[in-house]
Number of protein chains: 2
Amino acid sequence: MDRQLDQLLSSAGRPALCQSVLPALLGCIADIARTLRTSHTVALAGTANAFGDDQLNVDVAAEKLVRDALAKCPAVVAASSEEDPAERPVRHSRDAGQTAEEASSEQYTVAFDPLDGSSIIAPNWTVGTIVGIWDGASALRQPPAERQVAAVLGVYGPRTTAIVALRVPGAEAACLEVGIGDQDFRFHVIRSRVRFADPPFATRYFAPANLRAAAESPSYMRLITQYVGKKYTLRYSGGLVPDVVHALAKGHGVYVSPVTAASRAKLRRLYELCPIALVVECAGGRAIDPVDGEEILARPLEGCDDRAGLVCGTTDEVDEVKRELLGASLESCR
Amino acid sequence: MDRQLDQLLSSAGRPALCQSVLPALLGCIADIARTLRTSHTVALAGTANAFGDDQLNVDVAAEKLVRDALAKCPAVVAASSEEDPAERPVRHSRDAGQTAEEASSEQYTVAFDPLDGSSIIAPNWTVGTIVGIWDGASALRQPPAERQVAAVLGVYGPRTTAIVALRVPGAEAACLEVGIGDQDFRFHVIRSRVRFADPPFATRYFAPANLRAAAESPSYMRLITQYVGKKYTLRYSGGLVPDVVHALAKGHGVYVSPVTAASRAKLRRLYELCPIALVVECAGGRAIDPVDGEEILARPLEGCDDRAGLVCGTTDEVDEVKRELLGASLESCR
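All figures in this text were calculated on a predicted structure; none of them were measured in a lab.

(A) The overall build of chain A, seen in detail. On a plain count of helices and strands, chain A comes out with nine helices and 15 strands. Residues classed as buried in chain A amount to 60% of the 334 residues present. Accessible surface, chain A as shown: approximately 12,600 Å² in total, 49% of it carbon and sulfur.

Here it is as structure tokens:
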């Protein structure tokens with residue numbers, strides 16, 4: 001592994017996590033990138049009506065690659081994914097020899113969405129993989145802010161990159177961007193410290209998800225109108241990973257996916273929201289539930305299929321959205 | 001070259017165009033894809049303040065690859081690009097042996113934007129290359145609808161793909177999608193007939209470019225509000241190639257980049273609008289100038305730097321935007 005990456009990770013004092021699990025996941029992202037690169041016919045089918053089935057093919061391929069990677073990590077004891085949403089013990093492959101470090105007390109549960117953004121695979125837009133790594137033998141009924149210790153976002157675009165966030169109790173939080181070579185699994189650190197910037201901002205960005213909800217939510221429509229009036233720049237791909245990574249790359253941005261009566265919460269807390277929230281927080285931003293304004297990582301998960309909306313990005317922007325979307329209801333509670 | 005691709009192109013009756021120029025451009029798109037794939041450090045710099053210089057590095061690399069490709073095509077007599085916006089004769093490389101076909105009457109001028117979407121390279125979003133191919137020794141002061149006979153869009157995302165549009169006088173117009181292998185320059189036809197779909201549409205998409213203009217244009221703001229009210233799905237990457245290719249992949253979509261007093265026309269007609277308009281028309285869609293509602297390809301270019309706004313996509317949607325944006329002014333002319 002890249003020496004700088006090794007140094008950055010080793011400070012966490014979690015040898016199995018940093019020398020086995022994270023490298024395995026980065027290698028797996030290289031594998032998924034290669035699979036996508038050659039999956040022209042899958043994408044073709046995506047343009048036809050029978051999208052469901054073919055989408056499943058790519059998803060299943062990515063799912064298998066992640067599971068194969070985890071099978072080589074003795075410290076990963078349980079896993080669940082958006083494709084198979086139940087926590088199950090991980091069967092380790094024969095070559096997963098347990099090193100001295102790994103025989104330590106480290107035990108992890110991994111929750112992942114192998115391929116997020118299936119609707120934009122056919123047009124060849126950037127898509128991603130989302131992974132959350134939890135201390136212990138389950139991610140459920142645990143305080144996410146403490147127990148989810150790492151998250152990895154794989155980004156499949158013109159290049160293959162990954163965002164790695166690490167927040168181990170007792171160590172400083174880290175968020176870094178890694179470039180991933182296609183052929184030889186070489187990783188190198190592109191940015192050792194991914195951070196939202198401080199004001200003033202040359203350009204301010206907004207990503208309004210679930211925009212159809214604005215038709216029935218005057219406060220969401222007002223928010224959109226305000227962004228337009230304040231000349232924010234619109235960037236919205238519809239892929240959660242690229243949309244959040246855009247803000248991280250620019251140093252500014254706010255992603256808003258509200259929930260209304262007719263437009264239900266659809267982001268999965270375990271596979272999408274918790275890892276994204278950890279990344280955003282480790283980069284100095286904020287991620288909240290638009291329904292009550294609470295931090296995404298504040299509430300334990302009840303089950304693998306828990307869902308919610310999301311507001312995340314630059315802290316001040318998130319606070320502003322909270323006031324705008326919840327201001328009236330908070331007022332009425334007084 | 002892929003046999004199906006060969007067959008599709010050969011019907012145009014332009015051997016130099018179809019057996020030399022287009023294959024050279026597709027090979028060049030594979031080269032640019034590989035360059036981007038390994039340009040992690042360039043993208044890094046893109047996240048810093050000194051974006052201009054580093055953006056230039058990737059642009060210049062892509063520019064050189066296109067020029068090198070054109071130098072091998074004896075039929076290409078002149079070229080100009082967004083990076084070097086003046087039509088100049090092409091100096092052919094020594095290995096550009098002129099075949100019997102190429103010694104024919106075919107003479108082309110190529111206009112290209114080597115790398116469109118520099119602002120979204122750092123976040124690793126899909127970007128593109130835009131190429132227009134014109135009959136004769138110049139693209140200027142010619143009727144674009146007749147003289148621009150082909151266009152190629154390179155799409156650099158998780159995969160590398162290209163859209164090829166061909167409209168040679170006397171032959172049927174064609175629009176096809178090609179998958180491009182990374183390693184071995186293999187091309188294969190993903191879709192032999194790229195077409196906007198007919199209603200009814202399961203999902204309708206809109207891509208509102210230059211959204212800040214809505215702050216000073218009530219008609220543009222009204223248009224956006226209508227899309228929200230009619231539950232259109234928002235997809236807007238800010239890259240012209242991915243935004244248009246999204247509509248082509250989904251079979252529906254409308255891209256709107258209006259022009260207002262404070263927000264001037266910034267899309268270049270020669271390097272961006274004309275090739276995009278040819279692709280959209282060959283796929284059965286429509287591309288108009290939002291200022292007067294005229295077809296993009298109706299008016300000859302005065303110079304290499306001519307600029308305009310753009311409304312393009314599904315024909316009915318473009319007509320609707322025209323009514324919405326120009327309705328009032330058309331009314332007042334009566």
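Read on for the rest.
(B) Quick peek at the sheet that holds strand E9 (residues 205-208) of chain B. Residue and element names in this part refer to chain B. Read across the sheet, five strands follow the order E10-E9-E11-E15-E13 without closing on themselves; strand pairing throughout is mixed. Unpaired on one side and paired on the other, strand E10 (233-234) and strand E13 (286-288) mark the two borders of the sheet. As paired elements, E9 and E10 share two bridges and run parallel to each other. Residue Tyr-205 lies in a different strand from E10, and its bridge partner there is Thr-233.

(C) Layout of the packing of aromatic side chains. Residue and element names in this part refer to chain A. According to the stated counting rule, one finds four aromatic pairs over all chains in the structure shown. Relative to Tyr-232, the ring of Tyr-227 has its centre 4.9 Å away and its plane inclined at 40°; by these criteria the two rings are tilted. Of the aromatic side chains, those joined through ring pairs into one cluster are Phe-206, Tyr-227 and Tyr-232.

(D) A look at the packing of helix H7 (residues 240-250) of chain B against helix H8 (residues 269-282) of chain B. Residues and elements named next belong to chain B. Running from N to C, H7 and H8 cross one another at 10°; their axes reach a closest spacing of 11 Å. In terms of axis orientation, H7 runs roughly parallel to H8. Within the contact between the two elements, H7 uses Leu-240, Val-244 and Leu-248 and H8 uses Glu-272, Ile-276, Val-279 and Val-280. Here the contact of H7 with H8 is composed, by residue class, of six nonpolar, no polar and one charged.

(E) Fine view of the pattern of salt bridges. Residue and element names in this part refer to chain A. Across all of its chains, the model carries 42 salt bridges over all chains by this definition. The salt bridge partner of Glu-177 is Arg-191, with a shortest N-O separation of 3.0 Å. Note that Glu-177 is positioned in strand E7 (residues 174-180) and Arg-191 in strand E8 (residues 187-191), a separation of 14 residues in sequence. In this structure Arg-191 comes out as buried when scored by relative accessible area, which is 13%.

(F) Representation of the pairing of strand E2 (residues 84-89) of chain B in the model. Residues and elements named next belong to chain B. Of the strand pairs in this sheet, strand E1 (residues 76-81) and E2 are connected by three bridges, and their pairing is antiparallel. The partner of Ser-81 across the bridge, within E2, is Asp-84. Where E1 folds back on E2, the antiparallel hairpin that results is connected by two residues.

(G) Representation of the interface of chain A and chain B in the model. The partner chain B presents 56 residues to the 56 residues of chain A that form the contact. Taking both sides of the interface into account, the surface hidden between chain A and chain B amounts to around 4,900 Å²; carbon and sulfur atoms contribute 61%. Among the residues of chain A in contact with chain B, His-40, Asn-124 and Arg-159 of chain A are the three that bury the most area, contributing 17% of the side total. For the interface between chain A and chain B, the tally reads two salt bridges. Glu-216 of chain B serves as the salt-bridge partner of Lys-231 of chain A, at 3.2 Å between the closest nitrogen and oxygen. At the surface where chain A touches chain B, the tally comes to 28 residue pairs in polar contact (both at pLDDT 80 or more). With six residues, the single largest contributor to the side of chain A that touches chain B is helix H7 (residues 240-250) of chain A.

(H) Quick peek at the sheet that holds strand E11 (residues 254-257) of chain A. All names here are of chain A. Strand order in the open sheet formed by five strands is E10-E9-E11-E15-E13, and the pairing between neighbours is mixed. Pairing within the sheet leaves two strands with one partner each, and these edge strands are strand E10 (233-234) and strand E13 (286-288). Where strand E9 (residues 205-208) meets E11, three bridges bridge the pair, whose relative direction is parallel. Paired with Phe-206 across the two strands is Val-254, which belongs to E11.

(I) Representation of helix H2 (residues 15-37) of chain A. Residue and element names in this part refer to chain A. Taking 1.5 Å per residue as the helical rise, H2 with its 23 residues ought to reach 33 Å, and the 32 Å between its terminal C-alpha atoms agrees with that figure. Bending of H2 peaks at approximately 25° at the position of Val-21, with proline Pro-23 no more than four residues after it. For H2, the buried fraction is high: 17 of the 23 residues fall into the buried class.

(J) Spatial organisation of the relation of the copies chain A and chain B. Note on the copies: chain A fits chain B at an RMSD of 0.0 Å, the axial shift is 0.0 Å, and the rotation between them is 180°. Taken together, the rotation and translation describe the operation of a two-fold axis. Within chain A, the C-alpha atom positioned nearest to the axis of rotation is that of Gly-157 of chain A, 2.2 Å from it. When you check the interface residues of chain A against chain B, 100% turn up at the interface there too, and the contact is symmetric in its surfaces.

(K) The nonpolar core, seen in detail. Ranked by internal contacts, the top residues of the largest apolar core, which has 124 residues, are Leu-310 of chain A together with Leu-310 of chain B. The contact partners of Leu-310 of chain A, leaving out residues within four places of it in the chain, are Leu-240, Tyr-255, Val-256, Ser-257, Leu-267, Leu-273, Ile-276, Ala-287, Ile-288, Pro-290 and Ile-296 of chain A. If you look at the next biggest cluster of nonpolar residues, it comprises 50 residues, including Ile-29, Ile-121, Ala-174 and Leu-176 of chain B.

(L) Quick peek at the side chain of Ser-237 of chain A. Within the secondary structure, Ser-237 of chain A sits in the loop between E10 and H7. A polar contact is formed between the side chain of Ser-237 of chain A and the backbone nitrogen of Gly-239 of chain A, at a distance of 3.0 Å. When neighbours within four sequence positions are excluded, Ser-237 of chain A is seen to be in contact with Ile-120, Trp-125, Pro-242 and Asp-243 of chain A together with Trp-125, Arg-235 and Tyr-236 of chain B.

(M) Just unusual backbone geometry, in detail. Cis geometry is adopted by the peptide bond preceding Pro-200 of chain A, which originates at Pro-199 of chain A and carries an omega value of 0°. Tracing the backbone shows Pro-200 of chain A in the loop between E8 and E9. The backbone of Lys-231 of chain B sits at a positive phi, close to 60°, despite the residue not being glycine.

(N) Structural context of the environment of Ala-283 of chain B. Residue and element names in this part refer to chain B. Here Ala-283 lies in the loop between H8 and E13. Since its relative accessible area comes to 0%, Ala-283 is described here as buried. Sequence separation of Ala-283 and Val-194 is 89 residues, and the distance between their C-alpha atoms is 5.6 Å.

(O) Main features of the environment of Thr-225 of chain B. All names here are of chain B. Relative to the assigned elements, Thr-225 resides in helix H6 (residues 218-229). The exposure class of Thr-225 is partly exposed, given its relative accessible area of 36%. In this structure the side chain of Thr-225 is engaged in a polar contact, spanning 2.8 Å, whose partner is the backbone oxygen of Met-221.

Reading the values: the criteria
Residues numbered from 1 in each chain as written. Chains lettered and ligands numbered in written order. Predicted model: local features only at pLDDT ≥ 70, side-chain atom pairs only at ≥ 80, totals over all residues. Heavy atoms only, no water. Helix = DSSP H or I, 4+ residues; strand = E, 2+ residues; numbered from the N terminus. Buried < 20%, exposed > 50% of the residue type's maximum accessible area, 1.4 Å probe, protein only. Areas by Shrake-Rupley, 256 points an atom, 1.4 Å probe, with all protein chains shown as cover. Pairing = 2+ DSSP bridges. Phe/Tyr/Trp six-rings, centres within 6.5 Å; stacked < 30°, edge-to-face > 60°. Axes fitted to C-alpha atoms, helices over the stretch in contact; angles between N-to-C directions. Parallel < 35°, antiparallel > 145°, perpendicular 65-115°, else oblique. Contact = heavy atoms within 4.5 Å. Nonpolar A, V, L, I, M, F, W, Y, C, P; charged D, E, K, R; others polar. Salt bridge = Lys/Arg side-chain N within 4 Å of Asp/Glu carboxyl O. Buried area = accessible area lost by both parts, 1.4 Å probe. Polar contact = N/O pair within 3.5 Å; in protein donor to acceptor, adjacent residues only side chain to side chain. Expected span 1.5 Å × (residues − 1). Bend = angle between axes of the 7 residues up to and from the residue. Least-squares fit on C-alpha atoms with pLDDT ≥ 70 in both. Core = buried A, V, L, I, M, F, W, Y, C linked by side-chain atoms within 4.5 Å.

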